[in-house]
Amino acid sequence: AQSVSQHNHHVILSEAASLELGCNYSYGGTVNLFWYVQYPGQHLQLLLKYFSGDPLVKGIKGFEAEFIKSKFSFNLRKPSVQWSDTAEYFCAVNSMDSSYKLIFGSGTRLLVRP
Amino acid sequence: DAGVTQSPTHLIKTRGQHVTLRCSPISGHKSVSWYQQVLGQGPQFIFQYYEKEERGRGNFPDRFSARQFPNYSSELNVNALLLGDSALYLCASSRVSGSYEQYFGPGTRLTVT
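Just so we're clear, the structure is a prediction, and the values are computed from it rather than from any experiment. (Residues numbered from 1 in each chain as written. Chains lettered and ligands numbered in written order. Predicted model: local features only at pLDDT ≥ 70, side-chain atom pairs only at ≥ 80, totals over all residues. Heavy atoms only, no water.)

Of the residues lining the interface, 22 residues belong to chain B; the matching set on chain A comes to 19 residues. Summed over both partners, the interface of chain B with chain A comes to about 1,500 Å²; 58% of that surface belongs to carbon and sulfur atoms. For the pair chain B and chain A, the interface holds 1 salt bridge. A salt bridge links A:Lys49 to B:Glu101; the nearest nitrogen and oxygen atoms lie 3.5 Å apart. At the boundary of chain B and chain A, one finds 2 residue pairs in polar contact (both at pLDDT 80 or more). Sorting the residues of the side of chain B that touches chain A by element identifies strand S4 (31-37), strand S5 (44-50) and strand S6 (53-57) of chain B as the ones contributing at least two each. Grouping the amino acids of the side of chain B that touches chain A by side-chain chemistry returns 7 nonpolar, 12 polar and 3 charged. (Contact = heavy atoms within 4.5 Å. Buried area = accessible area lost by both parts, 1.4 Å probe. Salt bridge = Lys/Arg side-chain N within 4 Å of Asp/Glu carboxyl O. Polar contact = N/O pair within 3.5 Å; in protein donor to acceptor, adjacent residues only side chain to side chain. Helix = DSSP H or I, 4+ residues; strand = E, 2+ residues; numbered from the N terminus. Nonpolar A, V, L, I, M, F, W, Y, C, P; charged D, E, K, R; others polar.)

Written out as structure tokens, the structure reads:
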């Protein structure tokens, strides 16, 4: 069965620190990859997505993610975090043979201290 | 443009009751998906509907059912509620069924006592 693993459940950083959140998936076929963010009190929002092409994708608010097919990974990065990045981050995958559903990781709670 | 809307925002039910949750997709979106998010976990897929037909179903019991209306809005029904059904129920819409990003609503918080 397909699954998504997010290695860090809680991350605490100071402002201006660099961020990398890990995401690994288990599926051998073609996948689409997503990162969603949920700010406190708000609904899930799409941060960035990868369908095909350049494996380094840029999203909103200075976030980027790199798809490494050989490692089944899609890690999220930001060079310098801000207090406003405090949120929960979810990695999600859908595969071409069951494209109707997103499979989510368990999420990473990021706290950025001012 | 209005985003995905869901009603009600919060709901408290007792075990054994049934519940109906409602979702209106973004204008122009024809596909609606439902997810259950239990506290501390990521959303889990329940159903997807496209053009009023079920396109996919997750690993949920038959107590869970859904339908989509001609205006593309959708209802999720849960019968014989259990304590374990307490969760945030999320609706997401997308333009078509398949490999397109989904846009999520704010969710309905269901508490079963």
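Grouped together as the largest cluster of nonpolar side chains are 29 residues, with contacts concentrated most on A:Leu33, A:Trp35, A:Leu48, A:Phe74, A:Leu76 and A:Tyr89. Every element with two or more residues in this core is listed here: strand S2 (10-14), strand S3 (19-21), strand S5 (31-38), strand S6 (45-50), strand S8 (64-68), strand S9 (73-78), strand S10 (87-95) and strand S12 (108-113) of chain A. Those residues in contact with A:Leu33, other than ones at most four positions away along the chain, are A:Tyr25, A:Leu48, A:Lys49, A:Tyr50, A:Phe67, A:Phe74, A:Ala92 and A:Val93. Ranked by size, the runner-up nonpolar core spans 22 residues in total, among them B:Phe47, B:Phe60, B:Ala66 and B:Leu110. (Core = buried A, V, L, I, M, F, W, Y, C linked by side-chain atoms within 4.5 Å. Buried < 20%, exposed > 50% of the residue type's maximum accessible area, 1.4 Å probe, protein only.)

Before going further, it helps to examine the state of the cysteines. Residue and element names in this part refer to chain A. Inspection of the entire model under this criterion finds 2 disulfides over all chains. Disulfide partner of Cys23: Cys91, at an S-S distance of 1.9 Å. Its S-S torsion of about -65° marks the bond between Cys23 and Cys91 as left-handed, since a negative value means left-handed. Residue Cys23 is located in the loop between S3 and strand S4 (24-26), and its partner Cys91 is located in strand S10; the two are separated by 68 residues in the primary sequence. Overall, Cys23 belongs to the buried group, its relative accessible area being 0%. (Disulfide = S-S within 2.5 Å.)

Residues and elements named next belong to chain A. Structurally, Tyr50 is set in strand S6. For Tyr50, a relative accessible area of 8% corresponds to the buried category. Sequence separation between Tyr50 and Ser3 is 47 residues, and the spatial gap between their C-alpha atoms is 17 Å. Polar contacts involving the side chain of Tyr50 include one to the main-chain carbonyl oxygen of Gly53, which spans 3.3 Å.

What follows is about the side chain of B:Asp85. All names here are of chain B. One can find Asp85 in the loop between strand S8 (74-78) and strand S9 (87-94). A relative accessible area of 4% places Asp85 in the buried class. Polar contacts involving the side chain of Asp85 include one to the main-chain amide nitrogen of Leu82, which spans 2.8 Å. Apart from the residues within four sequence positions on either side, Asp85 is in contact with Gln36, Arg63, Phe64, Val78, Ala80, Leu110 and Val112.

In the structure shown here, the tally under the stated rule is 11 salt bridges over all chains. Where B:Arg57 meets B:Asp62, a salt bridge forms, and the shortest distance between an N and an O atom there is 3.7 Å. On the accessibility criterion, B:Arg57 (30% relative accessible area) is partly exposed. Between B:Asp85 and B:Arg63 there is a salt bridge whose closest N-O contact spans 2.8 Å. With B:Asp85 in the loop between S8 and S9 and B:Arg63 in the loop between S6 and strand S7 (64-68), this residue pair connects regions lying 22 residues apart in the sequence. Here B:Asp85 matches B:Arg63 in class, with each residue buried. What you see here is one network of salt bridges that share partners, running through A:Lys58, A:Glu64, A:Glu66 and A:Arg77.

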